Amino acid sequence: MSFGTRLKEKRESLGITQPQLAEMLNVSKGAIGNWETDVNSPRATLLYDLFDILHCDANYLFQDETRELYKNEASPEEFENIIKKYRLIAEYSPDGASVVDTVLAREYAIADKLKTQKDIKPENRPTSPTAQIIPMRFLSYYQRMASAGRGEYLFSDIPTEVIPVPDTPLSRRADFVIGVSGRSMENTYFDGDKVLVEKAQDVPLGKIGIFIRGDECFIKEAGIDRLISHNEDKEQYPDILPDERRIDTIGIVLGKVGE
């Protein structure tokens, strides 16, 4: 709705005729007609009187023009309600900003997909517009904490971020996600894989878990007397045998993210 249309609508709602408004503003009736048909706009010096007469403000009469003006940049309302808040979060709660970034990225992808589907001809659209949108949940992600080689990291020393994962029965059991580093678990898990982990004090025999020994962290299969590597090259990727150092269990590996 244009400025002229809103002006006419507001004038008529107050029972004011074009001649009456023209007289109040000391302009011609033709000037009012030109404003209401968007031929031209009132001078800036007349606007405040116009707002007083119509009991409204610039936000009402110019709202569509304002939207167009701020189409590619933040409006004052967006700055106050979104950008200002985000800057505060980013400064005092970096982890919170990471969560906001993740949610925005996901929701933007969903909106973009819905927009694309809307632009497709009805006969070519999927049966359900959300059929290809996978529900997500968020878990803490420990990058490269679990070494599938010799181990490199302490659990408490690894920085975390929050990442989206598909919301599945398996991921609902998980407490966090860990990145795999190394090749000792090939061909079950590979370097760079992200695995879902459920916290546990023990890992049943034959199951894969996350273990810590001293300053080393491993993803391995629980064996009777050792932690087993899956890579057939045992010389380069040996099993972990018990020694005087204590081995602590962190949790059970449920599977890869996305499985």
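For the structure itself, look to the data block above.
Residues numbered from 1 in each chain as written. Predicted model: local features only at pLDDT ≥ 70, side-chain atom pairs only at ≥ 80, totals over all residues. Heavy atoms only, no water.

K.L.:
Which residues make up the packing of aromatic side chains, and what values do they have?
P.N.:
All chains considered together, the criterion is met by one aromatic pair. Judged by centre distance (6.2 Å) and plane angle (85 degrees), the ring pair of Tyr48 and Phe51 falls under edge-to-face. Of the two residues, Tyr48 and Phe51 are both situated in helix 4 (residues 44-54); the distance of three residues between them amounts to about one turn of the helix. The exposure class of Tyr48 is exposed, given its relative accessible area of 65%. The class for Phe51 is buried, based on a relative accessible area of 11%. (Phe/Tyr/Trp six-rings, centres within 6.5 Å; stacked < 30°, edge-to-face > 60°. Helix = DSSP H or I, 4+ residues; strand = E, 2+ residues; numbered from the N terminus. Buried < 20%, exposed > 50% of the residue type's maximum accessible area, 1.4 Å probe, protein only.)

K.L.:
Talk me through the pairing of strand 4 (residues 194-199); I want residue IDs and the actual numbers.
P.N.:
For a regular strand, side chains alternate in direction, first toward one face of the sheet and then toward the other. As judged from the four bridges shared by strand 3 (residues 176-181) and strand 4, these two strands associate in the antiparallel manner. What sits directly across from Gly179, in strand 4, is Lys194. Of the strand pairs in this sheet, strand 4 and strand 8 (residues 247-256) are connected by five bridges, and their pairing is antiparallel. Looking at strand 8, one finds that Glu198 is bridged to Ile252. (Pairing = 2+ DSSP bridges.)

K.L.:
Summarise unusual backbone geometry; cite the residues concerned and give the values.
P.N.:
Peptide bonds are mostly trans, and most non-glycine residues show a negative phi. In this structure, Asn187 follows Glu186 across a cis peptide bond, with omega equal to 10 degrees. Looking at where Asn187 falls in the secondary structure, it is placed in the loop between strand 3 and strand 4. Residue Asn26 is not a glycine yet carries a positive backbone phi of 60 degrees. Although it is not a glycine, His55 sits at a positive phi angle of roughly 55 degrees. Here His55 lies in the loop between helix 4 and helix 5 (58-61).

Limitation: the analysis is restricted to geometry and does not speak to function.
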